[in-house]
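Remarks on the overall topology
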Amino acid sequence: MDLYEAMRCAPTSRRFKPDPVPADVLLRILDSARFAPSGGNRQGWRVIAVQDAERRAALRDLYLPHWRVYMEYTGAASILANPESFDPAAIRGVRAANDYAERLEQVPLHLVVGVRLEDLAVTDAGLPRQSIVGGASLYPFVQNLLLAARAEGLGAALTTLLVPAEADVKQLLGIPDGVALAAHIGLGYRAEAWPRKLARKPVPEFAFAERWGEPLA
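From a predicted model like this one, the values you see are computed outputs, not experimental measurements.

Reading the values: rules and limits
Each chain carries its own residue numbering, running from 1 in the written order of its sequence. Local features in this predicted model are restricted to residues whose pLDDT is 70 or higher, and side-chain atom pairs enter the listing and the counts only when it is 80 or higher, whereas totals over whole chains, interfaces and linings include all residues. The basis for the side-chain values is all heavy atoms of the structure; hydrogens and waters are excluded. At least two bridges found by DSSP between two strands is the condition for calling them paired. Note on conventions: DSSP H or I runs of at least 4 residues are helices, E runs of at least 2 residues are strands, and numbering of each starts at the N terminus. Angles run from 0 to 180 degrees between N-to-C directions of axes, and those axes are lines fitted to C-alpha atoms, restricted for helices to the stretch in contact. Here, two residues are considered to be in contact whenever any of their heavy atoms come within 4.5 Å of each other. Exposure classes here rest on a 1.4 Å probe applied to the protein chains alone. A residue is buried below 20% of its type maximum, exposed above 50%, and partly exposed in between. Note on aromatic contacts: the rings of Phe and Tyr and the six-membered ring of Trp form a pair at centre separations within 6.5 Å, being stacked when their planes are under 30 degrees apart, edge-to-face when over 60 apart, and tilted otherwise. Counted as over-ring charges are cases with an Arg CZ or a Lys NZ within 6 Å of the ring centre that also lie within 35 degrees of the ring normal. When charges are counted, Lys and Arg are positive and Asp and Glu negative, with His and the chain ends excluded. Between Lys or Arg on one side and Asp or Glu on the other, a salt bridge is scored when a side-chain nitrogen of the former is within 4 Å of a carboxyl oxygen of the latter. Polar contact criterion, stated in full: a pair of N or O atoms within 3.5 Å, where within protein one must be able to donate a hydrogen and the other to accept it, and residues adjacent in sequence count only if both atoms are side-chain atoms.

Some points on the sheet that holds strand E1 (residues 45–50)
Strand order in the open sheet formed by four strands is E1-E2-E4-E3, and the pairing between neighbours is antiparallel. Looking at strand neighbours, the two that pair on one side only are E1 and strand E3 (155–159), the edges of this open sheet. For this sheet, the mean inter-axis angle between neighbouring strands, taken without regard to orientation, is 25°. Taken together, the eight bridges between strand E2 (residues 109–116) and strand E4 (residues 179–188) define a ladder with antiparallel strand orientation. Its bridge partner being in E4, Arg 116 is matched across the sheet by Val 179. Here helix H7 (residues 166–173) sits on the sheet and contacts E1, E2 and E4; the angle it forms with E4, its principal contact strand, is near 75°.

With respect to unusual backbone geometry
Residue Asn 41 is not a glycine yet carries a positive backbone phi of 55°. Judged by its relative accessible area of 53%, Asn 41 is exposed. Its identity as a non-glycine residue notwithstanding, Glu 210 has a phi of 70°, on the positive side. The residue Glu 210 is located in the segment after E4 in this model.

Here we look at the packing of aromatic side chains
Following the criterion strictly, the structure yields three aromatic pairs and no others. Measuring from ring centre to ring centre gives 5.7 Å for Trp 67 and Tyr 70, while their planes differ by 35°; the resulting arrangement is tilted. Taken as a pair, Trp 67 and Tyr 70 lie in helix H3 (residues 53–74) at a separation of three residues, close to a single helical turn. Overall, Trp 67 belongs to the buried group, its relative accessible area being 6%. Residue Tyr 70 is classed as partly exposed on the basis of its relative accessible area, which comes to 39%. Ring centres of Phe 208 and Trp 212 lie 4.9 Å apart, and the angle between their planes is 45°; on these two criteria the pair is classed as tilted. Note on Phe 208: relative accessible area 28%, which makes it partly exposed. Residue class for Trp 212 comes out exposed when judged on its relative accessible area of 78%. Stacked on the ring of Trp 194, the Lys or Arg Arg 190 has its end atom at 5.2 Å from the ring centre.

Focus: the pairing of E3
With four of five residues buried, E3 is to be regarded as a mostly interior element. Across five bridges, the pairing between E3 and E4 is antiparallel. If you follow Ala 157 over to E4, its bridge partner there is Gly 186.

Here's the deal with the side chain of Arg 190
Relative to the helices and strands, Arg 190 resides in the segment after E4. No salt bridge is formed by the buried Arg 190; its nearest oppositely charged neighbour, Glu 192, is found at 4.1 Å. For Arg 190, the side chain forms a polar contact with the main-chain oxygen of Glu 192, separated by 3.3 Å.

Listed below in C-alpha cells is the structure:
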C-alpha cells in the first residue's frame, strides 16, 4: 500500500471479524514499526500481544470502568441516554465506540504498549503545564504500528483508557517496575468496508506561516 494512501485511510476500526491475526503478519508489523524514531535511539517501547481469551476478558474488565467515566466526562453517556436529542451521525459514532468497549474481549488481538521510563527524555518536565514531551519517544512507534497494520489489511483501534488501570494491567501481564503503560491497540480484520475518505480539518485550520494565525501559502 502506498504510504500516503495508508495515512489517509487508516480509520479507527471497532468491529472485527473473529479471524485470528497470523503470527507472521504480527511479526511483519512489529518488524516495520521498530524503525520509528526515538530520543537517543533508545527504543524504549515494549509490546505484549494478548490473544488468550481469558486475558482479553480481563483487559475488558479493567478497561470498562474508565471507559464509563470517560463517557460521562465527554457527554457521550447523555447521547446514548437521549438519542432523539442528537445528530444521527454523533449517535452512530458513540454507539460504535461503546460497543467496542463493551465487547473488547471479542477483539482478536490486543497489543498492550509500554515504555521504559529510563529511556525517556522529558524536556518539558519543569514547565508550569502538563508534560507531553515524553511521548515523543514512543508514539511514533505506535503510529508505525497502525500504519503497518493498515498495510497488512488489518483494522486497529488505539486508546489510552487502560492507562488509569496501570497497576492492575501490570500485575495481569507481569510487566516489571520501570515500565509505564502507554497505549492499547485492538487489532484484527475489519468487519466493515474501509471508508473512502476520512473527515479531517483542512490544512489552513492548523498550519501557519512564520507566526500564529498567518496564512500558510
